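Residue strings, one per chain:
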Amino acid sequence: MQTDPIVYRSDVCTADAEAVRRIVAASGCFSASEIDIAVELVDERLGKGLRSGYHFVFAQRAEAVVGYTCFGPIPCTESGFDLYWIAVDLGMQGSGVSRELLRRSETQMRELGATQIYIDTSSRGHYDRARGFYTSCGYRIAAEFPDFYGPDDAKVVYVKTLATLIPPP
Ligand SMILES: CC(C)(COP(=O)(O)OP(=O)(O)OC[C@H]1O[C@@H](n2cnc3c(N)ncnc32)[C@H](O)[C@@H]1OP(=O)(O)O)[C@@H](O)C(=O)NCCC(=O)NCCS
């Protein structure tokens, strides 16, 4: 049996909104309003193009999207970027697709001038795998905000420094 190769792309098409909804909902990690926000970012990008500030990498096998990232520059910072979303189909987790999606996203952010990449996540057990993944991809915890999302649900901010900022003379 031949398996179709995974293809990565950064262009965004209308069908991606529903693909994002399907992948994010199937993960079981996100609330209905978080799922809506994930889809809204695709819609923003479709409506405004790169002016939206939302960049994407999609992993696709044959016609099906199997994972994606969304990232962009953080307003009012010189060169900080946020990774807003990373999610991969349950059947493709542990396959290396997530690592490759993140690697390609980092390359694009670097090309766009990023010096630091930030990722916000939650301390809840649902996100153990995500936190392990970020650590194994070279991110470190920069800050924790206890009870940020709710009781015993801290916000955990990861960072990867791509280049050291040089202070002005
Ligand atoms: C987060 C996510 C993208 C990670 O992708 P993944 O394919 O599951 O990650 P992998 O299985 O390739 O794991 C990568 C690394 O993470 C680490 N890891 C995985 N599960 C872990 C766990 N439970 N505890 C600690 N580390 C873990 C391992 O060190 C692994 O490294 P290795 O490849 O050297 O063994 C994926 O699980 C996902 O889509 N989750 C649902 C959506 C989500 O939570 N997104 C993040 C929101 S903040």
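Residues numbered from 1 in each chain as written. Predicted model: local features only at pLDDT ≥ 70, side-chain atom pairs only at ≥ 80, totals over all residues. Heavy atoms only, no water.

## Focus: the site of the ligand
Then, number 1: Around the ligand, the structure places 19 residues, and the nearest of them are Ile 86, Val 88, Gly 94, Ser 98 and Arg 129.
Then, number 2: Ile 86 is positioned such that a nitrogen or oxygen atom in its backbone is 2.8 Å from a nitrogen atom of the ligand.
Then, number 3: For the ligand, an oxygen atom lies 3.1 Å from a polar atom in the side chain of Arg 99.
Then, number 4: The fraction of the free accessible surface of the ligand (940 Å²) that becomes covered by protein chains is 69%.
Then, number 5: Counting only elements with at least two residues in the shell around the ligand, the list comes to strand E4 (80–88), helix H3 (97–111) and helix H4 (128–136).
Then, number 6: The dominant element in the shell around the ligand, judged by the number of residues it contributes, is H4, at seven residues.
Then, number 7: Within the shell around the ligand, the residues separate by chemical class into nine nonpolar, seven polar and three charged. (Near = heavy atom within 4 Å. Polar contact = N/O pair within 3.5 Å; in protein donor to acceptor, adjacent residues only side chain to side chain. Areas by Shrake-Rupley, 256 points an atom, 1.4 Å probe, with all protein chains shown as cover. Helix = DSSP H or I, 4+ residues; strand = E, 2+ residues; numbered from the N terminus. Nonpolar A, V, L, I, M, F, W, Y, C, P; charged D, E, K, R; others polar.)

## Some details on the nonpolar core
Then, number 1: Grouped together as the largest cluster of nonpolar side chains are 24 residues, with contacts concentrated most on Leu 83, Val 97, Leu 101, Leu 102, Met 109, Tyr 134 and Tyr 139.
Then, number 2: Those elements that provide at least two residues to this core are strand E2 (55–61), strand E3 (64–73), E4, H3, strand E5 (116–122), H4 and strand E7 (153–161).
Then, number 3: In this structure Leu 101 touches Tyr 8, Val 57, Phe 58, Ala 59, Gly 67, Tyr 68, Thr 69 and Val 88, once residues within four positions along its chain are discounted.
Then, number 4: Formed by 19 residues, the second largest nonpolar core is a distinct cluster that contains Val 20, Tyr 54, Phe 58 and Ala 87. (Core = buried A, V, L, I, M, F, W, Y, C linked by side-chain atoms within 4.5 Å. Buried < 20%, exposed > 50% of the residue type's maximum accessible area, 1.4 Å probe, protein only. Contact = heavy atoms within 4.5 Å.)

## Here's the deal with the environment of Ala 143
Then, number 1: Among the structural elements, Ala 143 can be located in strand E6 (residues 140–150).
Then, number 2: Judged by relative accessible area, which is 23%, Ala 143 ranks as partly exposed.
Then, number 3: Separated by 16 residues in sequence, Ala 143 and Val 159 have C-alpha atoms that sit 9.0 Å apart.
Then, number 4: Look past the residues within four positions of Ala 143 in its chain and what remains in contact with it is Lys 155, Val 156 and Val 157.

## As for the packing of aromatic side chains
Then, number 1: Counted according to the given criterion, the structure contains eleven aromatic pairs.
Then, number 2: Here the aromatic rings of Tyr 54 and Tyr 84 are separated by 5.5 Å at their centres, their planes lie at 75°, and the arrangement is edge-to-face. Residue Tyr 54 is found in the loop between helix H2 (32–48) and E2, and its partner Tyr 84 is found in strand E4; the two are separated by 30 residues along the sequence.
Then, number 3: Classification of Tyr 54 by relative accessible area gives buried; the value is 19%.
Then, number 4: You can call Tyr 84 partly exposed: its relative accessible area is 30%. (Phe/Tyr/Trp six-rings, centres within 6.5 Å; stacked < 30°, edge-to-face > 60°.)

## Re the pairing of E6
Then, number 1: In terms of strand pairing, E6 meets E7 through six bridges, oriented antiparallel. For Gly 150, the partnering residue across the bridge sits in E7 and is Asp 153.
Then, number 2: Between the antiparallel neighbours E6 and E7 lie two residues, among them Asp 152 with a positive phi of about 55°. (Pairing = 2+ DSSP bridges.)

## Here we look at the packing of helix H1 (residues 16–26) against H2
Then, number 1: It is the contact of H1 with H2, at a shortest axis distance of 9 Å, that shows an interaxial angle of 155°. By the criterion of interaxial angle, the relationship of H1 to H2 is roughly antiparallel. In the packing of H1 onto H2, the handedness of the crossing is right-handed. Contacts between H1 and H2 pair Asp 16, Ala 17, Val 20, Arg 21, Val 24 and Ala 25 from the former with Ile 35, Asp 36, Ala 38, Val 39, Val 42 and Asp 43 from the latter.
Then, number 2: When its residues are assigned to classes, the contact of H1 with H2 shows eight nonpolar, no polar and four charged. (Axes fitted to C-alpha atoms, helices over the stretch in contact; angles between N-to-C directions. Parallel < 35°, antiparallel > 145°, perpendicular 65-115°, else oblique. Left-handed = near helix turned anticlockwise from the far one by under 90°.)

Just geometry here; none of it tells us what the structure is for.
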